[in-house]
Amino acid sequence: MKDGGHCCFQERDCQVSVENGNPLFWFKTMKIIRRGLTWVKSVFSLKKLLNFRHKKRFSNYLVATFVVYATLFVVVILFALYGYFEKRVESEFRKKILAEKGQIEIILNNRTSSINGLLDVLGSDNIIRVTLMLGGKSQLKERVINFYPSGKGIYFFVKKVGEQSVIPETYPEISKKLIDFAQARYPYGEIVEDEGKTRLVWWFSTPIMHQTQLMGTAHTLYDMTQDRKLIDTLHQTIKGDVAVLRSDHLLSLTSGTTLPLDNEMHQNITMSRGLLQLGNKIILSRIDGFENLYFQSSLEALVSEKQKVTLWIGLFSIIILAVSTLVSISLGKKMVKPLREMTNKAIQISEGQKDLLFNTSNSNYWEFNQLSQAFNYMLANLKDAEEQSRYKELMENVDDAVYILDQEGNVLEANESAYAPLGYTPEKFFELSLTDIIPEKDADLIINQLGKGTQDQNPKKLIIETFHTKKGGEPVAVEIHSRAISYRGRNVILNAARDITKRIEAEQGKKRLESQLFHSQKMQAIGTLAGGIAHDFNNLLMGIQGYVSVMQLQTSRDDPNAEYIQSIDNAITRAANLTNQLLGFARKGKYTPKQTDLNNLVEESSKMFTRTRKETVIHKKFQDNIWSVNVDPGQIEQVLLNLYVNAWHAMPDGGEIFIQTENIYLRDDYCKPFEASAGNYVKISVTDTGVGIDKENIERIFEPFFTTKEVGKGTGLGLASAYGIIKNHSGIIQVYSEKGHGTTFNIYLPASAAKSAKEEVKVELLKGKETILLVEDEEGTIEVEELMFKKLGYSVMPARSGKEAIALYKENMMDLDLVALDMIMPEMNGKDTYDELKKINPDIKVLLVSGYSLNKQIEELIDQGCNGFIQKPFDIAKLSQKIRKILGE
């Protein structure tokens, strides 16, 4: 540098060369020293020293030697002191500059972090997501401008996936050219000339996601030159300035002034990674993380401090030389004896006799007493140092955080495990008190129990669970063992803290799994109870249904009772639907699974719902190439309709329902609490904009007969049956809701690789003349079933237990064409009875009858050769179809 002087700062060690005025000082100093040495030679010449030998006066030799060495010692000390204080001044000046630069970096980083925080809020704005989904550009622009207004150099934009332009397209304060430049270059602290203005520009971005789908991108354009609040904060915080580096000058952010630069100066600045001096008055330092930004400070304070050091060192050297000469002359003659005694004791102490003390009686000279006291103090410090070294070695080899406090809670000692994880240096940590490390109430407890001189009245040890606070404010859960001890002659508090974050996370995970398991077991128990009730109720309905079917066969349409009989039949149907919902919840419902396209199923069910719910608007978003699922379409359609109706009830004044399907993969750790397997699933999401569900009610929402509706407006079985149906399809159903913010139901059904199939249904009354063995333990049920068989033309042989049925079949096997076997019976159930009958006749034809719907046990019997199944209650037409189908085979 042409006019940079001699003061050059480096990154690792601050080395500053001597200023132009310092050589004159050292010239004068050396001249004084030479005069002093000349005077010593004139007083203690070699001849005089030789003449003293015959008098054996060692004190004179000692004085002469002491003066010479004292003079040399002073010279060395002065050089060392000057070098030390010079470096100290430069070091303090450098620390000050680096501290102010650190403050600038914190302010700038906080500013960029706050901008990113605002951008994250914009990216997670549900209204922005929905508006992007619907493609409303004007609404999107209005939302961004009204809820995310520009100011302080910050401008917000949103860009939809697949589009080139952003919304809004421009702002009055910035040009369209600058926005296009930012989109193309993604500047991060770049200097841009825009319409005659110099701008320092950042461009931040964040994705706008809906579930796992990218909807668009949120952007922020930040011009630091327009952020006056930031510039004012920097001006108030530091004494220097923040400058922007251009090719030919430095531009001040706070004052707006410029400093011209030539090519060499510009190259030196860009190549420098530490502190760089410009001329005699300015020093620059690059601001980390912000290219082209530099902290600019003045060298005047450094020059002033160095001049003071030069003056004081000069005065100090003169004083030291004068005092050392006078003291050496006055004390040299009488130093031999006390020195010998002290030397002997020092030798004894060095040999291990550490209990000895130097004599400090009043008969000794004050100087020797001081020296003796200093040696005694040194011995005491050596003992303390050894003790402290043992404590230090012990503390540093412990993985837990260990720190020692005085009785007021101030930190005295600490190991690296105490301050390093919290982000502190040892110096900063020792400036803290206990209330800075743990919450105030816990700190007060420890200090009141173990400190303030009250150990005799309180416990000597405490164990508490609390948290350490990191330098940035983040909490770290710890368990602290605190005790009162004596350390280096003081009553102190010893804290040993262990990080228990992983233990707490494990306990929370365990509680969460226990809660899910308890809920699953509770729903399973309720399902078992509901299934039993539904089975018994179906048996009762079977008797009523049977007699009504027979009455309908014997009653013409003109009969005045025909209308009443039909009303009874309709009531039975509704009651059967109610029990089917119970069985659905109990996971014992009848299912006829087939390969199904859920997109089509959702489309049809939503159309059916909206025909009578015009005030509700449904938005649908379907996954392309949706995976096929092997489900009962009717049951899944019932689940969807239940969810639509539930959403409709939650929106009494109308609202919107959002339905989405998507292919998804679920991991094992996600599926395990729901007793499901990992793999590919098809997800259906149903979201409403209703009133939401209370936290108290959401835990019971799938329980049968639980409802928040008024009496007569709901059975409480809709969501219960939905839960059972999804569970019986090996799926997962979840609900998320917040009061006043709507509700979302997520359904996951296992994907299948097979394709869809169609079914055909025939309804016709068919009769026959064969003989049927009817096995049923319920008295009322067996009577009505026997009557229905006879009305269809069949001969009936009733059996009221499994054992009776086996006996009758053995006697009449040749006359029996079919066995109608009930599944639920005491002593010998339907499965055991079927196994015995199969042994008698492997070709036997059996129709299974049960109040439960098709389940795993019945499916196993059908796989073993059972010919058919019919669920109670059934009408005579359905019964006739089943019998003829089996006998026809």
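Just so we're clear, the structure is a prediction, and the values are computed from it rather than from any experiment.

Chemist: What exactly am I supposed to notice about the nonpolar core here?
Modeler: Side chains of a nonpolar character, in soluble globular proteins, are inclined to be buried together. Judged by nonpolar contacts, the single largest core of 56 residues is most densely connected at Leu108, Phe157, Leu221, Met224 and Leu293. For this core, the element with the most residues is helix H3 (residues 58-123), which contributes 10 residues. Phe157 has contacts with Leu122, Val166, Ile167, Pro168, Tyr171, Ile174, Ile179, Trp203, Thr217, Ala218, His219 and Leu221, leaving out every residue within four places of it along the chain.

Chemist: Looking at this structure, how should I read the packing of helix H23 (residues 779-791) against helix H27 (residues 876-888)?
Modeler: Packed helices, taken two at a time, are described by the angle between their axes plus the distance between the axes. Running from N to C, H23 and H27 point in directions that differ by 70 degrees, and their axes come no closer than 10 Å. In terms of axis orientation, H23 runs roughly perpendicular to H27. Every pair of crossing elements has a handedness; the one defined by H23 and H27 is right-handed. On the side of H23, the interface is formed by Met788, Phe789 and Lys791, while H27 contributes Ile876, Leu879 and Ile883. Here the contact of H23 with H27 is composed, by residue class, of 5 nonpolar, no polar and 1 charged.

Chemist: What should I look at first to understand the sheet that holds strand E10 (residues 293-298) in this one?
Modeler: Two strands in a sheet stick together by hydrogen bonds in their backbones, pointing the same way (parallel) or opposite ways (antiparallel). The antiparallel open sheet is built from 6 strands, whose spatial order is E7-E6-E5-E10-E9-E8. The outermost strands of the open sheet, each flanked by one partner alone, are strand E7 (258-260) and strand E8 (275-278). The mean inter-strand angle of the sheet, taken between neighbouring strand axes irrespective of direction, is 30 degrees. Across the sheet, helix H8 (residues 263-271) lies against strand E5 (241-245), strand E6 (249-252), E7, E8, strand E9 (282-286) and E10, angled at about 165 degrees from E8, the strand it touches most.

Chemist: Sorry if this is basic, but what is going on with the pairing of strand E12 (residues 411-414) here?
Modeler: Residues in a regular strand point their side chains to alternate faces of the sheet. Strand direction decides the pairing type here: strand E11 (residues 401-405) and E12, joined by 3 bridges, are antiparallel. Across the sheet, Leu405 pairs through a bridge with Val411, a residue of E12. Connecting E11 to the next strand, E12, in antiparallel fashion are 5 residues, including Gly409 with a positive phi near 95 degrees.

Chemist: So what exactly am I meant to see when it comes to the environment of Gly162 here?
Modeler: Structurally, the position occupied by Gly162 is in the loop between strand E1 (154-160) and helix H6 (176-185). Here the alpha-carbon distance between Gly162 and Gly216, two residues 54 residues apart in the chain, equals 8.3 Å.

Chemist: Help me understand the pairing of strand E19 (residues 655-666), please; the structure alone is not making it clear to me.
Modeler: For E19, the buried fraction is high: 9 of the 12 residues fall into the buried class. Bridging between strand E17 (residues 616-621) and E19 involves 6 bridges; their strand directions are parallel. Counted as the bridge partner of Lys621 is Gln660 from E19. Alignment of E19 against strand E20 (residues 679-688), held across 10 bridges, turns out to be antiparallel. The residue bridging Thr661 from the neighbouring strand is Ile684, located in E20.

Chemist: What should I look at first to understand the pattern of salt bridges in this one?
Modeler: Where charged atoms of side chains with opposite charge meet at close range, the side chains can pair. A complete count under the given rule lists 23 salt bridges for this structure. Among the salt bridges present, the one from Arg185 reaches Glu190, with a minimum N-O distance of 3.4 Å. Exposure remark for Arg185: the relative accessible area of 48% places this residue in the partly exposed category. Residue Glu190 is classed as partly exposed on the basis of its relative accessible area of 24%. A salt bridge links Glu786 to Lys790; the shortest N-O distance between them is 3.1 Å. Here Glu786 pairs with Lys790, and both are found in helix H23, just 4 residues apart, close to one helical turn. Connected via shared salt-bridge partners are Glu465, Glu479, Arg503 and Glu507.

Chemist: Quick question: what am I supposed to make of the confidence of the model for the protein here?
Modeler: Should pLDDT be low for a region, the predicted coordinates there are not to be read in detail. Looking at the protein as a whole, its pLDDT mean stands at 78, while 81% of the residues score no less than 70. Mean pLDDT values for the elements of the protein range from 44 in helix H2 (residues 46-51) up to 94 in strand E23 (residues 771-775). Within the model, pLDDT remains below 50 along residues 1-24, and this stretch shows 47 contacts once partners closer than five positions in the same chain are excluded. With pLDDT under 50 throughout, residues 43-54 is counted as low confidence; its partners more than four residues away or in other chains account for 12 contacts.

Chemist: What is the right way to read the sheet that holds strand E27 (residues 868-871) from this model?
Modeler: Strand order in the open sheet made by the 5 strands is E24-E23-E25-E26-E27, with parallel pairing throughout. The two strands at the open ends of the sheet, each matched to only one other strand, are strand E24 (795-799) and E27. Shown here is a sheet whose adjacent strand axes are inclined to one another by a mean of 20 degrees, direction ignored. Bridge count between strand E26 (residues 846-850) and E27: 4 bridges; the pairing is parallel. If you follow Ser850 over to E27, its bridge partner there is Gln871. Packed onto the sheet, H23 meets E23, E24, strand E25 (818-822) and E26 and runs at close to 165 degrees relative to E24. Along the sheet, H27 contacts E23, E25, E26 and E27; its crossing angle with E27, the most-contacted strand, is approximately 175 degrees.

Chemist: Hey, could you run me through unusual backbone geometry in this one?
Modeler: One can expect most non-glycine residues to show negative phi and most peptide bonds to be in trans. Ile167 connects to Pro168 through a cis peptide bond whose omega is -5 degrees. Position of Pro168 relative to the elements: it lies in the loop between E1 and H6. Positive phi is not limited to glycine here, since Tyr186 has a value of about 50 degrees. With respect to the helices, strands and loops of the structure, Tyr186 is situated in the loop between H6 and strand E2 (188-194). Backbone geometry places Glu675, a non-glycine residue, at a positive phi of 60 degrees.

Chemist: Can you walk me through the packing of aromatic side chains in this structure?
Modeler: For any pair of aromatic rings, the description consists of the separation of the ring centres together with the inter-plane angle of the planes. Tallying each qualifying case throughout the model produces 11 aromatic pairs. Note on Tyr188 and Trp202: the rings are 6.1 Å apart at their centroids and 80 degrees apart in plane angle, and the pair reads as edge-to-face. One end of the pair, Tyr188, is in strand E2; the other, Trp202, is in strand E3 (residues 197-210), with 14 residues separating them in the sequence. Judged by relative accessible area, which is 0%, Trp202 ranks as buried. Where Tyr188 meets Phe204, the ring centres are 6.2 Å apart and the plane angle is 80 degrees; that geometry is what we call edge-to-face. Within this pair, whereas Tyr188 is found in strand E2, its partner Phe204 is found in strand E3, the two being separated by 16 residues in sequence. For Phe204, a relative accessible area of 6% translates into the label buried. By the ring-pair criterion, three or more aromatic residues cluster together here, those being Tyr155, Phe157, Tyr171 and Trp203.

Chemist: Help me understand the side chain of Asp223 in this model?
Modeler: Its place among the elements puts Asp223 in strand E4 (residues 213-223). A relative accessible area of 1% means that Asp223 is categorised as buried. Polar contacts involving the side chain of Asp223 include one to the side chain of Arg199, which spans 2.8 Å. Leave out the neighbours within four places in its chain, and Asp223 touches Gly153, Arg199 and Leu200.

Cut-off values and rules
- Residues numbered from 1 in each chain as written.
- Predicted model: local features only at pLDDT ≥ 70, side-chain atom pairs only at ≥ 80, totals over all residues.
- Heavy atoms only, no water.
- Core = buried A, V, L, I, M, F, W, Y, C linked by side-chain atoms within 4.5 Å.
- Buried < 20%, exposed > 50% of the residue type's maximum accessible area, 1.4 Å probe, protein only.
- Helix = DSSP H or I, 4+ residues; strand = E, 2+ residues; numbered from the N terminus.
- Contact = heavy atoms within 4.5 Å.
- Axes fitted to C-alpha atoms, helices over the stretch in contact; angles between N-to-C directions.
- Parallel < 35°, antiparallel > 145°, perpendicular 65-115°, else oblique.
- Left-handed = near helix turned anticlockwise from the far one by under 90°.
- Nonpolar A, V, L, I, M, F, W, Y, C, P; charged D, E, K, R; others polar.
- Pairing = 2+ DSSP bridges.
- Salt bridge = Lys/Arg side-chain N within 4 Å of Asp/Glu carboxyl O.
- pLDDT = per-residue confidence, 0-100.
- Phe/Tyr/Trp six-rings, centres within 6.5 Å; stacked < 30°, edge-to-face > 60°.
- Polar contact = N/O pair within 3.5 Å; in protein donor to acceptor, adjacent residues only side chain to side chain.

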